[in-house]
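Chain residues, written in single-letter form:
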Amino acid sequence: MKQHTTPRDITAAPEFRLFLIAALVFGLMSVLSPDRFLSSQNLTSMAFQFPEFAILALAMAITMMTGGIDLSVVGVANLSAVVAALILTHFSDPSMPASQSAVWLCVAIAVAMAIGAVAGLLNGALVAFFGLPPILATLGSGLVFTGFAIAMTGGSAVMGFPATVALIGNAQVLGVPVPLILFALLACILHLLLTRTAFGLRVTMYGANPLAALYAAIDINRMLLKVYVIAGMFSSVAGLIIMSRANSAKADYGSSYLLLAVLIAVLGGVNPYGGYGRVIGVVLAVLSMQFLSSGLNMLQVSNFARELIWGVLLILVMVINTHAITALRRSAKPAS
Amino acid sequence: MSSDCGSAFIDLRAITKRYAGVTALDCVDFTVQPGEAVCLAGENGSGKSTLIKIISGVEPATEGTIHIAGEERTVLNPRISAAAGVMVIFQDFSLFPNLSVAENISFATQLSQHERFYKSGATRDIARKALDRIGVEIDLDARVEALPVAQKQLVAICRALASQARLIIMDEPTTALTEKEVRRLQSIIRMLKDEGVAVIFVSHKLAEVLEVSERVVVLRNGKKVAEGPAKDFDTQSLTYHMTGRDVPEVPPSDVTAGAETLMQVKRLTKADSFSDITFDLKVGEVLGITGLLGSGRTSVAKALFGLVAPDEGTIAVDGKPVPTGDPQAASQARIGYVPEDRLTEGLFLSQSILHNVAVGRLDTHSNRGLLDMGNLAGEASEWLTKLKVKAPDVHAPVQSLSGGNQQRVALARWLSRAPRVLILNGPSVGVDVGSKADIHDIIRNLATQGIGIIVISDDLPELLATCHRILVMRDGKIIDNLDGKSVTEDDLAHRLAS
Amino acid sequence: MNGWLPKDIWTRNETLVAGVIVLFCVVATLSDPRFFTITTVSDLLRASIVIGILAVGAMLVLVSGGIDVSFTAIAVFAMYSSTVLFLAVWPEAPWPLIFAISIVFGAILGAINGYFIAFLGLPTLIVTLGTLSIFRGFLLTFIGSQRISALPPSMRDFSRGVLARGTTEAGNFYSIPWAALALLFVIIATWFILKKTMLGRSIYAIGGSVESARRIGINVKWTQFFVYVYVGALAGLAGIIHGSVGRMADPFSLVGLELSVIAAVVLGGARLIGGYGTLTGTLLGVALIVIVQNSLIVIGIPTTWQSVTIGILILLGTGVPAYRAKRAAARAG
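Residues numbered from 1 in each chain as written. Chains lettered and ligands numbered in written order. Predicted model: local features only at pLDDT ≥ 70, side-chain atom pairs only at ≥ 80, totals over all residues.

**With respect to the sheet that holds strand E9 (residues 215-220) of chain B**
All names here are of chain B. Pairing within the open sheet is mixed, and its six strands lie in the order E6-E7-E8-E3-E9-E10. Only two strands of the sheet have a single neighbouring strand rather than two, namely strand E6 (86-89) and strand E10 (223-229). Adjacent strand axes in the sheet meet at a mean angle of 15° when their direction is disregarded. Of the pairings in the sheet, the one linking strand E7 (residues 167-171) to strand E8 (residues 198-203) comprises five bridges and is parallel in character. Of the residues in E8, the one forming a bridge with Ile168 is Val199. In the packing of helix H8 (residues 235-243) onto the sheet, the strands contacted are strand E3 (37-41), E9 and E10, and the crossing angle to E9 comes to about 35°. (Pairing = 2+ DSSP bridges. Helix = DSSP H or I, 4+ residues; strand = E, 2+ residues; numbered from the N terminus. Axes fitted to C-alpha atoms, helices over the stretch in contact; angles between N-to-C directions. Contact = placed C-beta atoms within 7 Å.)

Here's what the structure looks like:
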């Protein structure tokens, strides 16, 4: 028999540490550059900036919870955006009345989402039915998706959209930027999916122990397909936001977002081996990153230094988490 | 009791080991003479693995002194221990699947000789000599991943021999072997003893233990409870020492006369695995399936639950056919399967009891997409009470429970589905003796409630205590269909192994 | 069957990749007879040098059971910072010294990876993702973000050195640069480590089973540490060659190639789970990727479809063995 104390204590949760980091960064930046960092202009511009990669991070997080990874998120985002952009430029033009172009926008969005779903289905099938390691399956499929986007556009940007397209990326509803609303919506949906549905429980359980999931008669293939489809569709949303904000679509937009998405998911406490991850953690990680980026920007620190700081942050958090986990394991080691 | 320690190869004095407040070993003395075969017996959790880890330098002792070959060792790690001639053959053999037989055998030797360069000729010589010493023939260039289990074990033994082992520790060496292979292993062990190599045999298989060892040491709850020449022990006294009590087992109650057939299995066949498996299971019947490891018993169990797709044959529950090779279909037909390896197959250790139980009920509990967590929690805690699980509450992670309680959680998952047929593979493997009796009670109780139960086990007393009928498997076939009441343990053991 | 051939010759990735390369060459030669000439071969060889050296390193990491995505950042970092260093202190330095310093820089950065992975036990993918950002961010922030085309003269001399050059009868010029020797040297050195030293065998052993390696007394931590240092050094070499041959120190080059390099290695039969991977396979994988990148147009596929082709090759090259293994596991029950 052994003693065990369940970690009920909220301060022991990795999310709490993240909350502290986010608050700390926010506080630090507010102190270092109070008039600019806390200005409503800066707060709004932050709210426009982060949703696109935050949504990609959510997509990454759900695949990581199954012990997988999705390296094709940026490829899917760009392919969806390029196809949507081609539809918009072919069938509508900037001079079209808003009511008419809105219809084409809806069509473009629907097609983009469908592409995300099909791409996800392909990834899921490669992982579930063909048994490819997710990292290779999505590395290969990511190249294929990006490749299609290149082949369709010849590698150049697609532009010349009707003004309605700006709705997705640049508009505000009651003062809240639309991308932020989309992100909040998707984060809530994902949170509900993961914590309150049978599917979410299956994802967690499979991530915790794939073999036991098989023995528990979980339909693993179906579950994996759903996971990658969700990741694909989330990527499409991100792609549409990127397209709207850039007012163009290109096969190689947001290429730095791939590593950023992995980084945020891991920073957010998602276990890259599967079995643990919370949406709130990812949200807090995104916020920390954004506060840090903006703040550093205010302090005239170059983009490159930001990359450096992100990397340091990632490794630091891993060292802390891993050592917290080993300490936990040591105390929970069964006496045998 | 123990022999003169001046000449002992291993001499442990007052060894205590604590893990985070849990005492795994409590002031244990343990000696082994050169050329002696000692059996270390004990139930799971008795501390025998911990003792082995300390001798082999994997874990440091919290207190106590260690002498190896007369020299006191205050610092011990696997390398020092190996250099002194202590070789452990773990249950999983610890081989390199991607390397050749020759390299697997000679790797440790070459490391200990501080070789910098790899010479394939020398590698083969070392391997060849070791294989010759025990008189076996294995292709030196074969990759180890392609070898059958018995040959892997021989490779592991040869590796120990090649490294000038003076003490070989074998952890549960016979679990995967046929009787013929066990006999060969026993003769190899006798030969090693003649050459002055000491052997520690860690096992819970009592008959084998007594056959090859000269001395027996029994651990229980981290304490040494008995020690003496092997000839002073018999199966019964060993059981008594290992468990600390005589556990009376109630034989199962009779199947209600004229009980109808619940499950029909016809001509289930899978190439290279099992063939022509045909049997009926009645309502409220406990059917045992036994056989050595590799006899096909586990494959059949998996096939019944759809985890292995048979080439041909049918399964029907209540007269309705169940699609084979599909665990979801089996689960739909209310067949439940509690796997043998609780830790890797049966449970989600890091997850809560609630999740572990609820995962069996997901399809019936999602109300318009959303789970009714309150309801699931209520149900899970009901099962905790019914099965007498000792746990703080349903949110405790399963890894915080003891083996017996973990097994009950695994049972609860399937019981909450109100199964018609419950397949239990090794229901009491790694469970302490009190829980074992409880689990047997649970099995008998469930049967009286009309559930058909299939117990797959090589624990003969367990089968005799729970089963109405016992099927014996060998080489993938059912060779005997015995009445659980009239068969004796010796008879069963004989049929199993012959 | 074939006594002198490995028994699994027909199911190996190497065979598959070699087959695809041969098929490609046949089709290419049929559609354009000028394809199969020494000029094409020397062009492809030149294009393979940097990727080849990087791939050998990536293969070593995969064999040890890890994955490294930071080696391109290491290569650029080592190349750029050693160039900057020599331009500042000793522009006339001979190229072997500049190369040596670049290799040392690479090894030091590799040691940082090795420290986190071997001694702190962090997951390899996450660590190298992090250090990728760190190395690149540090380089661009503190060392420089300008392209430098005025390299130390000795580096330009190196890029002019050729082992063989000539003109074919059709009047096409070909040359094999000194850098090809570097690739050859890396191949031989790595072959020697992997096949002829206990260290190399330990790398395979760790990839096969870390736990077993620990139990028989292999020094797992130092072996892993060595792997990352060695890979760092190779990256340093590849980087400085890339800079010299391209006659430009570009801090934005190479990064982004890491996944393609890993893809080449995996195509060649190395497995992500560790323990498997050969030099032959790796070089074949590199050859295939380089051919696709350079000569797709010859068989009538527009260059814009390059990415799709490589992606499909990766999916097939890893999918076929994965599917076969899955089926075999299902059959075994």
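**Describing the interface of chain C and chain A**
With 39 residues of chain C in contact, the opposing surface of chain A contributes 37 residues. Broken down by secondary-structure element, the contributors of at least two residues to the side of chain C that touches chain A are helix H5 (124-143), helix H11 (258-267) and helix H13 (306-332) of chain C. For the side of chain C that touches chain A, the leading source of residues is H5(C), giving 14 residues. Considering only residue class, the side of chain C that touches chain A consists of 25 nonpolar, twelve polar and two charged. (Nonpolar A, V, L, I, M, F, W, Y, C, P; charged D, E, K, R; others polar.)

**Observations regarding the environment of B:Ile66**
Residue and element names in this part refer to chain B. In this fold, Ile66 is placed in strand E4 (residues 63-68). Given 22 C-beta atoms within 10 Å, Ile66 falls into the buried group. Along the chain, Ile66 and Val202 lie 136 residues apart, while their C-alpha atoms are 20 Å from each other. In contact with Ile66, other than residues within four places in its own chain, are Leu12, Ala61, Arg73 and Leu76. (Buried ≥ 20, exposed ≤ 12 C-beta atoms within 10 Å, placed from the backbone.)

**Details of the domain arrangement of chain B**
Along its sequence, chain B is carved into domain 1 (5-243) and domain 2 (261-497). Computed from C-alpha atoms alone, the centre-to-centre distance between domain 1 of chain B and domain 2 of chain B is 33 Å. (Domains from an automatic or database assignment.)

**Considering the interface of chain B and chain C**
Of the residues lining the interface, 24 residues belong to chain B; the matching set on chain C comes to 21 residues. Only helix H2 (78-83), helix H3 (101-112) and helix H9 (297-304) of chain B provide two or more residues apiece to the side of chain B that touches chain C. Per element, the largest residue contribution to the side of chain B that touches chain C is five residues, and it comes from H3(B). Counted by class, the side of chain B that touches chain C contains 13 nonpolar, five polar and six charged residues.

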